[in-house]
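Close look at the chain arrangement
Chain by chain, the residues:
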Amino acid sequence: MTIATTSARDQINLKSDSETPAVDCLHLLPCAVKYSGPANTSTYFLPQQQADLTYEASFRGRQLHGRKVRLPENYTGHIVVDSVASNEVSDSAFESETPDIPAAEQRVILSAGQFDSLTVWEHDR
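Predicted model only: the values in this text are computed from it and were never measured.

1. Digging into the overall build of the protein
Each helix and strand in the protein was counted, giving two helices and nine strands. Reading the protein from its N terminus to its C terminus gives the helix and strand order β-β-β-α-β-β-β-β-α-β-β. Out of the 125 residues belonging to the protein, those deemed buried represent 18%. At a minimum sequence separation of 6, the contacts of the protein that also span at least 24 residues come to 66%. As displayed, the protein offers around 9,700 Å² of accessible surface, 51% of which is attributable to carbon and sulfur atoms.

This is the structure:
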């Protein structure tokens, strides 16, 4: 799939193949965590399904309420990672290592997983 804007420089290619794994447990939390690495979430984040098909959990001592949201029919969500021209994943995808080529032309967005639903969480009110 190619998403194009008004300039050829602004094109984004989302590459995915049949081996892109399906993700069956995706959560959207109302917070920002300034960490990107492995985390033992199965030990500390333990959502409990309630009788009304909602969920309750706590994160860093804060009570959360969640609900599962399915994507519309014929839609697929993708978990994406930014890759640079050298095919190395980089957190600094907006920085060009070769000044002659604009960074936007070097970007490739790769699908690391697919999903058809996610749990959306809100703070306890």
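2. A look at the side chain of Thr119
Of note, Thr119 is situated in strand 9 (residues 117-123). The class for Thr119 is buried, based on a relative accessible area of 5%. The residues touching Thr119, leaving out its near neighbours within four places in the chain, are Leu26, His27, Leu28, Tyr55, Gly66, Arg67 and Lys68.

3. Digging into the pairing of strand 5 (residues 54-59)
Of the pairings in the sheet, the one linking strand 4 (residues 48-49) to strand 5 comprises two bridges and is antiparallel in character. Within strand 5, the residue paired with Gln49 across the bridge is Tyr55. Count of turn residues in the strand 4/strand 5 antiparallel hairpin: four residues, of which Leu53 carries a positive phi of about 65°. With antiparallel pairing between neighbouring strands as the criterion, strand 5 and strand 6 (residues 62-70) make up a hairpin whose turn holds two residues, including Arg60 at a positive phi of roughly 50°.

4. Side note on the packing of aromatic side chains
Within the structure shown, the criterion is met by three aromatic pairs. Ring geometry for Phe45 versus Phe59: centroids 6.4 Å apart, planes at 80°, classification edge-to-face. Taken together, the residues span a long stretch of sequence, with Phe45 in the loop between helix 1 (41-44) and strand 4 and Phe59 in strand 5 at a distance of 14 residues. Taken together, a centroid distance of 5.5 Å and an interplanar angle of 75° make the contact between Phe45 and Trp121 edge-to-face. Note that Phe45 is positioned in the loop between helix 1 and strand 4 and Trp121 in strand 9, a separation of 76 residues in sequence. With respect to burial, Phe45 and Trp121 carry one shared label: buried.

5. Thoughts on unusual backbone geometry
In this model, Leu53 sits at a positive phi of 65°, which is unusual for a non-glycine residue. Along the polypeptide, Leu53 turns up in the loop between strand 4 and strand 5. Residue Arg60 is not a glycine yet carries a positive backbone phi of 50°. For Arg60, the position within the fold is in the loop between strand 5 and strand 6. The class of Arg60 is exposed, set by a relative accessible area of 68%.

6. Comments concerning the environment of Thr20
Within the secondary structure, Thr20 sits in the loop between strand 2 (12-15) and strand 3 (27-28). Along the sequence, Thr20 and Gln114 sit 94 residues apart, while their C-alpha atoms lie 6.8 Å from each other. With near-sequence residues (within four places) excluded, Thr20 lies in contact with Ser111, Ala112, Gly113 and Gln114.

Procedures and definitions
- What you see as residue numbers is a count from 1 along each chain, following the sequence as written.
- Under the rules for a predicted model, residues below a pLDDT of 70 receive no local features and side-chain atom pairs below 80 are neither given nor counted, while totals for whole chains, interfaces and linings still include all residues.
- In computing side-chain values, all of the structure's heavy atoms are included and hydrogens and water are not.
- Elements are defined by DSSP. Helices are runs of H or I of four residues or more, strands are runs of E of two residues or more, and each kind is numbered from the N terminus.
- Burial here depends on accessible area, computed with a 1.4 Å probe over protein chains only, as a share of the maximum for the residue type. Under 20% is buried, over 50% is exposed, and the range in between is partly exposed.
- In this analysis, two residues are considered to be in contact whenever any of their non-hydrogen atoms come within 4.5 Å of each other.
- Throughout, the Shrake-Rupley method with a 1.4 Å probe supplies accessible areas, and for residues the shown protein chains are the sole cover considered.
- At least two DSSP bridges between two strands are needed for those strands to be called paired.
- Ring geometry is summarised as follows: Phe, Tyr and Trp rings, the Trp one being its six-membered ring, pair when their centres sit within 6.5 Å, and such pairs are stacked at plane angles under 30 degrees, edge-to-face over 60 and tilted between the two.

Everything listed is a geometric property; what it means functionally is a separate question.
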